[in-house]
Amino acid sequence: LMPPLPPQSTTESPNGEMDISTKPPTVSFSHIHIYATSLRPVTFYKSLEKRCNDFTSVKPYDPSTRSMPVEEFQAAWKAMDVEGYEADVKNISSDVPYVSQGRDLVSQLIVGLGFRVTGMCDGVNTLSYLVTSPDPNGVQFVVSAKKESSSGGADDFTHFDASRLDAFFDCHSQRQGISLLAFKADDVDTIFKNYKAKHSALLPPSGVRTYGGCKVLEVYAYYEGDVSTSPADKGTMLRFVEAAPAPMPLPGFVSVDASFDGTSLPAYCDHWVSNVISRTGFLSTLEDTLGFTPKVDFNAGVVAAGEAQIESTVTGNDAPPLSNSGDFGLSDQSQVYLPINNALSPVGHVHGFIKEIGQGVQHVASRVGDLITLIQRANDYRKVTGEGLSFLGIPRSYYGVLSEQLLHTTLAGEPLLDAVAAAECFQHCEQAGICTVATGETDLDLTRDTLRAKLEGWSAGKDVGVVDAVVEVIMRSRYVNLYGLLREHMSEASYVLIVKNKILVDVQGDDLLFQIFTSNVLQDNTGDESPFLEFIQRVCSECMGPDGCPVEVKPGCGGFGIRNFLTLFLSIEVSKAMLDKSAALSRGDEVAAASAARRVGIFKEQLDESNPILTAISDAMTAEGKCLDKMKRPTTSDDEKARLQREADAFAEQKKVGNEKLMVCSLKYRDIMRKEREVA
């Protein structure tokens, strides 16, 4: 338990000064605060944790094997002696069909990720929990809900008071959501002065609150419209905490005993994403008050799905480089990245999000050391228990499918089958069930022996070497696009697991980025706009310096996945179109269902056409960045700088050409989708 705290105090204007600080305050990630409509008693969550822990004793599971016989584990879960667990914990079962709507987020984190409740605040009128991964210094989810009944009055801790929840729900159509982004700060008073000097409209009356040696400042995150000329949006807030009572992120929390089951992975904050009305306004506010500067721009035309277009900028602080050794900065949370989206068209996810529930946090991204293991565990536990997290569907064409074109050459690029023979082989594959008709999707569990057996009707009398080469082409078709990026850096088994778990992969120079997005969380009804979670793994290149030691790396190695950014955007629109199709079929509207199916097809075609363009842009961007970095080295001669500048200019031109091609592609599919909508 925390020691008693002295009475809190309010500071309206620290030291009475109004000048803005010229030195950016030092901030790092702390926690996110979620407002839910209801929460379970702590006894329920502890009972659920105990059953999960007991299950690993009944049926040991080693996540590193990335393999769980689901049916066997389902039977073991159902056969557990459930005496001693709470009633609702006893009833958790895969017999109840899993849907992502109407779920309790704390339960999802406990089962799906192996997180645990490690702190709580039983306030006057609210109940709050702290949910963390095995590393208490990593991601911290604070989840609060109003009590059904309370003793009345304000809470001693303003950050847990019911008035905060009321303001958020009033601004967000009474929907649950991520209400607040919180940062550790070395000088809260300076941040207060910066807001007071340039953005006083974003300061609530509470000012800086002091609890013992801890200071807490909360400010409104966004303006309702143009910066400084419109009132504050009183929904989403930013929080700055100085000298928090570790290991708790906030005053008012007490520690709760927690036991992890040994199957979960520690997770750390990577970036937090907002959907806003004025992207430039939020950018300028963060620069004025925190010294944040733009890092990456996804301009108009880069992120587009049919008629839906957005712009996005990643802003953040300038944390020092990290040592390229050990965990490569996995646990370092000093680099803050805040991607900010705004809609450019009156259709699409970002526009719909803001129109339906207002400006706010779209999703938060957490970084882990082994994404494949984390997601395989989450998918296995959902299938076994009926609880946890599900993930956004990604079209198989993103990873690779079988086509006649693939059959023209061997994996080494040598001629294999001519056009006629390739067409005959592909037709046989469709007829024999090796791949799906029209789409070319091959079974992910296909073995070479099974494939050879299914090819017998075609392979009879053919050269053994040719048949062997065809077998390898078909096997690799399941992930051929990924192989084009990563080559032999991953095994076939790892490639297949990536495809099975629908993980996105991107490359920036020698760095890799693995990403995945959950289905919506905190969603009451199908189709409602609501936040989601992202999990990523950054694999930094192990580059050595002239001294033979690992060189330092920039935080955020691997970038932000320019290919995956568009894939996410398109996949969200595909999911919405598939929901529209399902709804139309359920009401017997075949015309609307056919239109929705055509929209799905259009989005997938845009993804396929955009992918190689995005790869070229990413490669050029990486090469340009390397040249510019080398130019900054003090040992680089003037002649070398001139040469590097010429190379950087050439790569910049390639990037420009790629952006122009992508714009043409985006406009093409915008017009196609517009015609489809008009016809529908």
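Look up a bit, the structure's there.
Each chain carries its own residue numbering, running from 1 in the written order of its sequence. Confidence filtering applies because this is a predicted model: local features only for residues at pLDDT of at least 70, side-chain atom pairs given and counted only at 80 or more, and all residues used for totals across whole chains, interfaces and linings. Derived side-chain values reflect all non-hydrogen atoms in the structure, with water molecules and hydrogen atoms excluded from consideration.

Student: Just checking my understanding: could you explain the overall build of the protein for this structure?
Tutor: The way it works is that DSSP assigns letters per residue, a run of H or I at least four long becomes a helix, a run of E at least two long becomes a strand, and they are numbered from the N terminus. Each helix and strand in the protein was counted, giving 18 helices and 18 strands. The size measure is the radius of gyration over C-alpha atoms, and the globule rule it meets is 2.2 Å times the number of residues to the 0.38 power. In terms of C-alpha radius of gyration, the protein reaches 26 Å, essentially the compact-globule figure of 26 Å for 680 residues. Overall, the protein is about 90 × 75 × 60 Å in size when its C-alpha atoms are taken along their principal axes. When each of the 680 residues of the protein is scored for burial, the buried share is 55%. Each accessible area is a Shrake-Rupley result for a 1.4 Å probe, and residues are judged covered by the shown protein chains and nothing else. Put simply, the protein shows about 28,100 Å² of open surface, and 52% of that area lies on carbon and sulfur atoms. Residues counted as positive are Lys and Arg, residues counted as negative are Asp and Glu, and His and the chain ends are not counted. We put the charge of a Lys on NZ, of an Arg on CZ, of an Asp on CG and of a Glu on CD. When the 64 basic and 90 acidic side-chain charges of the protein are each reduced to a single mean position, those positions are 1 Å apart. In this scheme, a residue with accessible area under 20% of its type's maximum is buried, one over 50% is exposed, and one in between is partly exposed, where area comes from a 1.4 Å probe on protein chains only.

Student: Got a minute to help me understand the pattern of salt bridges in this structure?
Tutor: Pairing between side chains of opposite charge can happen when their charged atoms approach one another. Throughout this description, the term salt bridge denotes a Lys or Arg side-chain nitrogen within 4 Å of a carboxyl oxygen of Asp or Glu. By the definition in use, this model includes 37 salt bridges. The salt bridge partner of Glu218 is Arg164, with a shortest N-O separation of 2.6 Å. Of this pair, Glu218 sits in strand S8 (residues 214–220) while Arg164 is found in helix H5 (residues 162–171), placing the two residues 54 residues apart along the sequence. Ionic contacts of the salt-bridge type, sharing partners, join the residues Arg448, Glu472, Arg478 and Glu492 into one network.

Student: I would appreciate a short explanation of the packing of helix H6 (residues 188–198) against helix H7 (residues 279–290) in the present structure.
Tutor: Two quantities define a packed helix pair, namely the angle between the axes and the distance from one axis to the other. Axes here refer to lines fitted to C-alpha atoms; in helices the fit is confined to the stretch in contact. Angles between the N-to-C directions go from 0 to 180 degrees. Here H6 crosses H7 at 130°, and the two axes come no closer than 8 Å. On the basis of the axis angle, H6 is oblique to H7. Taken together, the residues of H7 that come into contact with H6 (itself represented by Ile191, Asn194, Tyr195 and Lys198) are Thr285, Asp288, Thr289 and Leu290. Of the residues in the contact of H6 with H7, the class split is three nonpolar, three polar and two charged. Just so you know how the angles are binned, under 35 degrees is roughly parallel, over 145 roughly antiparallel, 65 to 115 roughly perpendicular, and the rest oblique. Contact definition: two residues touch when any of their heavy atoms are within 4.5 Å. Here the nonpolar group is Ala, Val, Leu, Ile, Met, Phe, Trp, Tyr, Cys and Pro; Asp, Glu, Lys and Arg are the charged ones; every other residue, Gly included, is treated as polar.

Student: I tried to follow the packing of helix H1 (residues 42–58) against helix H4 (residues 105–113) on my own but got confused; where do I start?
Tutor: Relative orientation of the contacting elements H1 and H4 amounts to 20°, with a least axis distance of 10 Å. Relative to H4, the element H1 lies roughly parallel. Considering only the axes of H1 and H4, their crossing is right-handed. Between H1, through Phe44, Tyr45, Leu48, Glu49 and Cys52, and H4, the contact on the second element is made entirely by Val106, Ser107, Ile110 and Val111. Working rule for handedness: look at the near helix, and if it is turned counterclockwise from the far one by less than a right angle, call the crossing left-handed; if clockwise, right-handed.

Student: Hey, could you run me through the pairing of strand S11 (residues 268–275) in this one?
Tutor: Note on strand geometry: in a regular strand, side chains alternate between the two faces of the sheet. The element S11 is largely enclosed, with a buried count of eight among its eight residues. One ladder, built from seven bridges, connects S11 with strand S15 (residues 360–367); its direction is antiparallel. Within the sheet, the bridge partner assigned to Tyr268 lies in S15 and is Arg367. Strand pairing is defined by DSSP finding a minimum of two bridges between the two strands.

Student: It is not clear to me how the nonpolar core should be interpreted in this structure. Could you clarify?
Tutor: As a rule of thumb, soluble globular proteins bury nonpolar side chains together. Membership of the largest hydrophobic core comes to 143 residues, with the highest contact counts inside it found for Phe141, Phe183 and Phe240. Not counting residues up to four positions away in its chain, the partners in contact with Phe183 are Val27, Ser28, Phe29, Ser30, Leu238, Arg239, Phe240, Val241, Trp272, Val336 and Leu338. Listed in part, the 22 residues of the second largest apolar core include Ala421, Ala422, Cys429 and Leu455. Nine residue types can take part in a nonpolar core, namely buried Ala, Val, Leu, Ile, Met, Phe, Trp, Tyr and Cys, and a core is a set of them joined through side-chain atoms within 4.5 Å.

Student: Explain the pairing of S15 here, please?
Tutor: For S15, the buried fraction is high: eight of the eight residues fall into the buried class. The pairing of S15 with strand S18 (residues 532–539) spans five bridges and is parallel. Looking across to S18, one finds that Arg367 is bridged to Ile536.

Student: Sorry, what's going on with empty space enclosed by the protein here?
Tutor: Think of a ball as big as a water molecule: rolled over the atoms, this probe shows where empty space is left. Grid points spaced at 1 Å and placed over the protein atoms alone form the basis of the search, with a cavity being a set where a 1.4 Å probe fits but cannot get out and a pocket an open set showing protein on both sides within 12 Å along at least five of seven lines. Lining residues have an atom within 4 Å of a point. Grid points are joined across faces, edges and corners, and a volume is the space filled by probe spheres set on the points. Summed over all chains, the structure comprises five cavities of 30 Å³ or more. By volume, the largest cavity is sized at about 190 Å³. If you go around the largest cavity, you meet 21 residues; those closest to its centre are Val273, Gln362, His363, Phe565 and Leu568. Going through the elements one at a time, S11, strand S13 (308–316), strand S14 (337–343), helix H8 (349–357), S15, strand S17 (511–517) and helix H16 (562–586) are the ones with two or more residues in the lining of the largest cavity. When residues in the lining of the largest cavity are grouped by element, the largest group, five residues, is from H16. A per-class count over the lining of the largest cavity returns twelve nonpolar, eight polar and one charged.

Student: For this particular structure, what's the right way to read the packing of aromatic side chains?
Tutor: The geometry of an aromatic ring pair is captured by two quantities: the separation of the ring centres and the angle between the planes. A pair of Phe, Tyr and Trp rings is counted when the ring centres sit within 6.5 Å of each other, with Trp represented by its six-membered ring. The angle between the planes then sorts it: under 30 degrees is stacked, over 60 is edge-to-face, the rest tilted. For the structure on display, the rule yields 22 aromatic pairs. The structure contains a cluster of three or more aromatic residues connected by ring pairs, namely Phe29, Phe183, Tyr195, Phe240 and Trp272. Put simply, a charge is over a ring when the Lys NZ or the Arg CZ is close to the ring centre, within 6 Å, and near the line of the ring normal, within 35 degrees. It is Arg40 that lies over the ring of Phe44; its NZ or CZ is 4.2 Å from the centre. Sitting over the face of the ring of Tyr483, Arg476 holds its NZ or CZ atom 3.6 Å from the ring centroid.

Student: I would appreciate a short explanation of the environment of Leu628 in the present structure.
Tutor: Considering the arrangement of structural elements, one finds Leu628 in helix H17 (residues 590–631). Separated by 16 residues in the primary sequence, Leu628 and Leu644 place their C-alpha atoms 7.2 Å from one another.

Student: What is the right way to look at helix H10 (residues 419–431) in this model?
Tutor: Residues three or four positions apart in an α-helix share a direction because the helix packs 3.6 residues into each turn. Helix length check: H10 (13 residues) gives 18 Å between terminal C-alpha atoms against 18 Å at 1.5 Å per residue, within 8%. Taken together, the buried positions of H10 are Ala421, Ala422, Cys425, Phe426, His428 and Cys429. The buried residues of H10 occupy an angular sector of 160° when projected down its axis, which confines them to one face. Opposite the buried face of H10, at more than 90 degrees from it, the exposed residues are Ala419, Val420 and Gln431. Buried positions along H10 lie against helix H11 (448–454), helix H12 (456–459) and helix H13 (464–477). For this analysis, a polar contact is any N or O atom pair within 3.5 Å, provided that within protein one partner can donate a hydrogen and the other can accept it, and provided that sequence-adjacent residues contribute only side-chain to side-chain pairs. Its side-chain oxygen at 3.2 Å from the backbone nitrogen of Val420, Asp418 defines the N-terminal cap of H10. Phi turns positive one or two residues past the end of H10, at Gly433, with a value near 80°. Helix span is expected to be 1.5 Å times the residue number reduced by one. Read the arc as the range of directions from the helix axis to the C-beta atoms.

Student: I tried to follow helix H15 (residues 492–500) on my own but got confused; where do I start?
Tutor: Within H15, the full set of buried residues consists of Ser494, Tyr495, Val496, Leu497, Ile498 and Val499. Those residues of H15 hidden inside the fold are in contact with helix H9 (371–385), helix H14 (480–486), strand S16 (504–508) and S17. After H15 finishes, the residue Lys502 shows a positive phi value of roughly 60°.

Student: Whenever I open this one, the side chain of Thr263 confuses me. Can you help?
Tutor: Residue position: Thr263 is located in the loop between strand S10 (254–255) and S11. Of note is the side chain of Thr263, whose polar atom sits 2.8 Å from the side chain of Asp261. A polar contact is formed between the side chain of Thr263 and the side chain of Arg377, at a distance of 2.8 Å. Apart from residues lying up to four places away in sequence, Thr263 is in contact with Thr56, Tyr61, Pro63, Arg377 and Tyr381.

Student: What is the right way to read unusual backbone geometry from this model?
Tutor: Note: most peptide bonds trans; most residues except glycine with negative phi. The amide bond that connects Ala246 to the next residue, Pro247, takes the cis arrangement and shows omega of 5°. Within the secondary structure, Pro247 sits in the loop between strand S9 (237–242) and S10. A positive phi angle, close to 55°, is found at Arg487, a residue other than glycine. Position of Arg487 among the secondary structure elements: in the loop between H14 and H15. Using a relative accessible area of 47% as the deciding quantity, one classes Arg487 as partly exposed.

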